[in-house]
Amino acid sequence: FDTISILNVPFINTTNRAFLTQLEQDVLAHQNRFVVTANPEILMYAREHPDYQRVLHQADYITPDGIGVIQGAQILGTPLPERITGYDTLLSLLQWGAKHHQRLFLLGAKPAVLKQVVATLKATTPNLVLAGALDGYYDNEAAVVDQIVAAKPDMIFIATGFPKQEFFIAKYRHRVDALWMGVGGSFDVLAG
Ligand code: UDP
């Protein structure tokens, strides 16, 4: 995709449909991919934290998550077609993944929330292959990474909030060739 820079962050200039098609191809080809869905809060944080800015620049795809980013692009005279949110992308990939037997790993949220998410997914999407799920309040990070590696996932969704999830992905993505995506508070929403 071509990109449009806002506050020195390059956003992919594409639609939800085209983005999903690209991600599906990447996952099937076992490409190592890092997705950031960036809202205005993330942009502000990156501006003040060069280490986080550097991590953002390691992402393969940064999407405009938040109407503020769409409005900013419009004002700068370089409009982006539409919002691409972490939550919508997660839901679409869960459905697609279930249909195509892709292995899924979930990391994040409080233990009770994660338990509810797993129960909801098993009920609503019976074909889903859940390779593993861990809550986001761990103290042994190395053990968490080992469990992710051992689960051989195709898609890893990390819901520990920014900037934690992006730092984690940048640090460990080389351990598994999969799709790694930070999804913020999405598990809380999924749990209902
Ligand atoms: N969280 C976590 N581990 C932590 C801190 C937060 O798993 O050490 C979870 C928290 O339970 C919530 C999510 O991360 O589910 C953060 O959601 P928030 O809406 O604050 O994140 P954002 O969407 O702003 O990145």
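Residues numbered from 1 in each chain as written. Predicted model: local features only at pLDDT ≥ 70, side-chain atom pairs only at ≥ 80, totals over all residues.

According to UniProt, the comment filed for the protein chain under the heading Function (unreviewed entry) is "Catalyzes the conversion of GlcNAc-PP-undecaprenol into ManNAc-GlcNAc-PP-undecaprenol, the first committed lipid intermediate in the de novo synthesis of teichoic acid." The UniProt entry for the protein chain carries the following comment under Catalytic activity (unreviewed entry): "UDP-N-acetyl-alpha-D-mannosamine + N-acetyl-alpha-D-glucosaminyl-di-trans,octa-cis-undecaprenyl diphosphate = N-acetyl-beta-D-mannosaminyl-(1->4)-N-acetyl-alpha-D-glucosaminyl di-trans,octa-cis-undecaprenyl diphosphate + UDP + H(+)". (UniProt positions renumbered as here; feature names shortened; annotations may be inferred.)

## Observations regarding helix H8 (residues 164–172)
Turning to H8, its buried residues are Gln-165, Glu-166, Phe-168, Ile-169 and Ala-170. Buried residues along H8 sit against strand E3 (33–38), helix H3 (50–56), strand E7 (155–159) and strand E8 (179–182). (Buried ≥ 20, exposed ≤ 12 C-beta atoms within 10 Å, placed from the backbone. Helix = DSSP H or I, 4+ residues; strand = E, 2+ residues; numbered from the N terminus. Contact = placed C-beta atoms within 7 Å.)

## Things to note about the site of the ligand
Inspection of the region around the ligand gives 14 residues, with Ala-109, Gly-136, Gly-161, Gly-184 and Gly-185 positioned closest. For the shell around the ligand, the residue count by class is 5 nonpolar, 6 polar and 3 charged. (Near = placed C-beta within 6 Å. Nonpolar A, V, L, I, M, F, W, Y, C, P; charged D, E, K, R; others polar.)

## Focus: the pairing of strand E1 (residues 3–6)
Note: E1 against strand E2 (residues 9–12), 4 bridges, orientation antiparallel. Within E2, the residue paired with Thr-3 across the bridge is Ile-12. Connecting E1 to the next strand, E2, in antiparallel fashion are 2 residues, including Leu-7 with a positive phi near 50°. (Pairing = 2+ DSSP bridges.)

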